[in-house]
Amino acid sequence: MGIAACVVLLVLAALIVAQARALARCRFWCKSCGQLFALPWTKLLFRQHVNEEWRLTCPHCGHKGWCIARRNGKDEDTK
Ligand SMILES: [Zn+2]
């Protein structure tokens, strides 16, 4: 393990965190109860996903399964 390997690992970690933080600005739609919900980025690390569908646990009904991400945070997402 040289310095280059450490730098690569740091960059990868930063990318994973950046993706999770961007995702925390989205809302997720539960297919089971129909509620929209948001999750803190710490709960969005290392989640399985296919396109816009993410494998999450709904905080409203406790359903574990695929939830659709909606990027509609107009008031928060100004970038
Ligand atoms: Zn639900």
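Provided above is the structure to which this section pertains.
Quick notes on the rules
- Residues numbered from 1 in each chain as written.
- Predicted model: local features only at pLDDT ≥ 70, side-chain atom pairs only at ≥ 80, totals over all residues.
- Helix = DSSP H or I, 4+ residues; strand = E, 2+ residues; numbered from the N terminus.
- Contact = placed C-beta atoms within 7 Å.
- Expected span 1.5 Å × (residues − 1).
- Buried ≥ 20, exposed ≤ 12 C-beta atoms within 10 Å, placed from the backbone.
- Pairing = 2+ DSSP bridges.

Undergrad: Kindly report on the overall build of the protein, identifying the contributing residues and their values.
TA: Scanning the protein for helices and strands turns up 1 helix and 5 strands. N-terminal to C-terminal, the α/β element order of the protein is α-β-β-β-β-β. Long-range contacts, defined here as pairs at least 24 residues apart, represent 49% of the contacts in the protein between residues at least 6 apart.

Undergrad: Which residues make up helix α1 (residues 3–23), and what values do they have?
TA: Taking 1.5 Å per residue as the helical rise, α1 with its 21 residues ought to reach 30 Å, and the 30 Å between its terminal C-alpha atoms agrees with that figure. Of all 21 residues in α1, 1 are buried; the element is thus mostly exposed.

Undergrad: Explain unusual backbone geometry to me, using residue names and the numbers behind them.
TA: Unusually for a residue other than glycine, Phe46 sits at a positive phi of about 60°. Within the secondary structure layout, Phe46 lies in the loop between β2 (36–37) and β3 (49–50). Phi angles above zero are rare outside glycine, and Asn51 is one such case at about 50°. Take Asn51: it is sitting in the loop between β3 and β4 (53–57).

Undergrad: Lay out the sheet that holds strand β1 (residues 27–30) in plain terms, naming residues and giving numbers.
TA: Here we have 5 strands laid out as an open sheet, ordered β2-β1-β5-β4-β3, and antiparallel in their pairing. Each edge of the open sheet is held by one strand with a lone partner, namely β2 and β3. Pairing geometry for β1 and strand β5 (residues 64–70), over 4 bridges, is antiparallel. For Trp29, the partnering residue across the bridge sits in β5 and is Ile68.

Geometric descriptors of this kind do not, in isolation, establish any biological role.
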